[in-house]
Amino acid sequence: MLRLAIQKSGRLSEDSLKLIRECGISFITSSLKLKTESTNFPLEILYLRDDDIPGYVADGVADIGIVGQNVLVEEGKQALTVEKLGFSKCRLSLAVPKSDQYESVQDLNGKNIATSYPNLLQAYLNEQGVEAHIHTISGSVEIAPSIGLAEAICDIVSSGSTLISNGLKEVERVFKSEAVLIANDTLSEEKRRILDKLLFRIQAVQRAQKKKYILLNAPNDKLQEISDLLPSIKSPTILPLAEHGWSSLHSVVNEDDFWEIIEKIKDAGAQGILVIPIEKMIV
Ligand code: ATP
Ligand code: MG
């Protein structure tokens, strides 16, 4: 059985559990339990503080884990990364009080900066040739300037609303992060095989998330033009409609190009366009 460590409760928890479920792996969750076993896949889930996950995976207490790159790199364990997971996207940024004059990162020379990520911050300051005093605190970093602990902070930002509500402005982006799957580097052959199975499923789910299934009707003389506009896995499926001279065309499009393609195929004569999410995609 493979042991997976995920965050017990926090910003990674819900999406981590969702991913495992989307992989067709069932288990019973209870907020009181510290671990559960899947009922249909050789997987045991451990619920932990996110900070502990890289260490536990490195030591082999857990075989694999899901954690933010910010925590992973801060702990110097980036070598354990197996796969980016595309959720819990955020950034580590420097921020200063809104009313401060700020020209460049050089303004932080000699200043006090509060953060929970001293290693990431130090690496960034070294790169920029800035010498500042780092104050490591474990939480509520955003209030440090208002209580006189520091002139600047370096903290996790996603929308920026926490900074604004604390009278701060984001001035530099230090590190970009998303959730990653990590694995111990000395897994037994049997565990490696289970991990490969899990990875195969994760990749199928991820591939599907970036794609949409599209169906449309078009007059036969427009089919070629429309199918040239639709990149598909192999080539689009074309089925005749009951109405003579018309066909239904099915294909798969990238979520990112989606609106642009829709405009073009409409202009080319497509009608009755349906766009449907894809659950899994194996190529
Ligand atoms: P724990 O109690 O497990 O130590 P925590 O308070 O340290 O939890 P959370 O705030 O739950 O951590 O964040 C967990 C991870 O989620 C962060 O390390 C980061 O990778 C990511 N994250 C944090 N804030 C955001 C956000 N606003 N949007 C998206 N992802 C975020
Ligand atoms: Mg934490």
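Remember, it's a predicted structure, so these values are computed and weren't measured experimentally.

Student: Tell me about the nonpolar core, residues and numbers included.
Tutor: L94, L108, I113 and I182 are the most contacted members of the largest nonpolar core, which totals 30 residues. Counting residues per element, this core draws most heavily on helix α4 (residues 118-128), which supplies four residues. Excluding residues within four positions of it along the chain, L108 makes contact with L94, V96, Y102, I113, V130, E131, A132 and A152. Residues I25, A179, I202 and V205 belong to the second largest nonpolar core, which totals 28 residues.

Student: Tell me about the pattern of salt bridges, residues and numbers included.
Tutor: Within this structure, the stated rule accounts for 12 salt bridges. We note a salt bridge from E170 to R173, for which the minimum N-O separation is 3.4 Å. Residue classification places R173 among the exposed residues on the basis of a relative accessible area of 57%. Across the pair E279 and K280 runs a salt bridge whose closest N-O atoms are separated by 2.8 Å. Under the relative-accessibility criterion, E279 is labelled exposed at 61%. Overlapping salt bridges bring together R3, K35 and E44 as one network.

Student: Describe the UniProt feature "domain: Histidine biosynthesis HisG C-terminal" (unreviewed entry) in the chain, listing the residues and the values that go with them.
Tutor: The UniProt record annotates "domain: Histidine biosynthesis HisG C-terminal" (unreviewed entry) at residues 208-280. Taken end to end, residues 208-280 comprises 26% helix and 40% strand; its first and last C-alpha atoms sit 5 Å apart.

Student: Outline the layout of surface pockets, listing residues and values.
Tutor: What the largest pocket holds in volume is close to 1100 Å³. Taken together, 38 residues make up the lining of the largest pocket; nearest its centre are R11, N70, Y117, D155 and I156. Contributions of two or more residues to the lining of the largest pocket are made by α3 (69-74), β9 (152-157) and α5 (161-165). It is β9 that provides the largest number of residues to the lining of the largest pocket, a total of four residues. Of the voids in this model, the second largest pocket is the one considered here, and its volume is about 300 Å³. Lining the second largest pocket are 15 residues, with L85, G86, F87, Q206 and Q209 sitting closest to its centre.

Student: Describe the site of ligand 1, listing the residues and the values that go with them.
Tutor: Residues in contact with ligand 1 amount to 16 residues; listed here are only the nearest, Q7, R49, D50, D51 and N70. Contacts to ligand 1 include R11, whose backbone N or O atom sits 2.8 Å from an oxygen atom. One of the side-chain N or O atoms of D50 is found 2.8 Å from an oxygen atom in ligand 1. The site holding ligand 1 turns out to be the largest pocket. Of the residues belonging to the shell around ligand 1, the class tally is five nonpolar, six polar and five charged.

What counts as what
Residues numbered from 1 in each chain as written. Chains lettered and ligands numbered in written order. Predicted model: local features only at pLDDT ≥ 70, side-chain atom pairs only at ≥ 80, totals over all residues. Heavy atoms only, no water. Core = buried A, V, L, I, M, F, W, Y, C linked by side-chain atoms within 4.5 Å. Buried < 20%, exposed > 50% of the residue type's maximum accessible area, 1.4 Å probe, protein only. Helix = DSSP H or I, 4+ residues; strand = E, 2+ residues; numbered from the N terminus. Contact = heavy atoms within 4.5 Å. Salt bridge = Lys/Arg side-chain N within 4 Å of Asp/Glu carboxyl O. UniProt positions renumbered as here; feature names shortened; annotations may be inferred. 1 Å grid on protein atoms, 1.4 Å probe; cavity = no way out; pocket = protein on both sides within 12 Å on 5 of 7 lines; lining within 4 Å. Points joined across faces, edges and corners; volume = space filled by probe spheres on them. Near = heavy atom within 4 Å. Polar contact = N/O pair within 3.5 Å; in protein donor to acceptor, adjacent residues only side chain to side chain. Sits in = over half its atoms within 2 Å of the grid points. Nonpolar A, V, L, I, M, F, W, Y, C, P; charged D, E, K, R; others polar.

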